[in-house]
Amino acid sequence: YLSIPTFYNQGDISKELRIELKKKFDLDFKFSQNLKYNFFPKPHFTTIEASISNDYKEISKINKLKIFVSLDKLFSVKNIEVRDLIFENANFNLNKKNFNFFTDLIEKNFLNGKLIVKNSNIFFTSIDKEVLFITKILKMKYFYDSKELKNILYSENEIFNIPFSLKSFFNDE
């Protein structure tokens, strides 16, 4: 049962995952390498060298992307459901025009999943594409807490070699 996705056509699964990610998170992903399927610890697809675009401009380069999928809908490529996303060693390029990338992302519904970012950087640039400052994300986790009925963002970061952490709560009320 768990090995079924190994028989999927690489182009079909890549296309369906991009459609599902666009629908769920409103993000345009591009996968440079083929997706590899693993079923431990949970069924997921892994790719090296992915990117995120917004309005046809690249916002992020991701060294390793893991896309965890629902076990319930594993039989059909057309019905595949994305649960969790893990970005590892990603570089986010934000400026005045796209600085709301993270705020738009956390407004999405994470009822059935979570977003984790590990060992990544955010480059804030000027209009002239000069780097103003860099924020290092050591670990960021965004998820829905079903006990408290709200989305929770927890992040451990560094800016100018000064560590700081952030914890925020978001709900629809």
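Residues numbered from 1 in each chain as written. Predicted model: local features only at pLDDT ≥ 70, side-chain atom pairs only at ≥ 80, totals over all residues. Heavy atoms only, no water.

In this section: the environment of Ser 146. Within the secondary structure, Ser 146 sits in the loop between strand 7 (131-145) and strand 8 (150-159). As for Ser 146 and Asn 112, which are separated by 34 residues in sequence, their C-alpha atoms are 9.8 Å apart. (Helix = DSSP H or I, 4+ residues; strand = E, 2+ residues; numbered from the N terminus.)

Moving on to unusual backbone geometry. Of note, the amide linkage connecting Phe 40 to Pro 41 takes the cis form, showing an omega dihedral of 0 degrees. Position of Pro 41 among the secondary structure elements: in the loop between strand 2 (36-38) and strand 3 (44-54). Despite not being glycine, Leu 149 shows a phi value in the positive range, around 55 degrees. Looking at the secondary structure, you find Leu 149 in the loop between strand 7 and strand 8. Phi at Asn 161 is positive, roughly 60 degrees, even though this residue is not glycine. Mapped onto the fold, Asn 161 is located in the loop between strand 8 and strand 9 (162-170).

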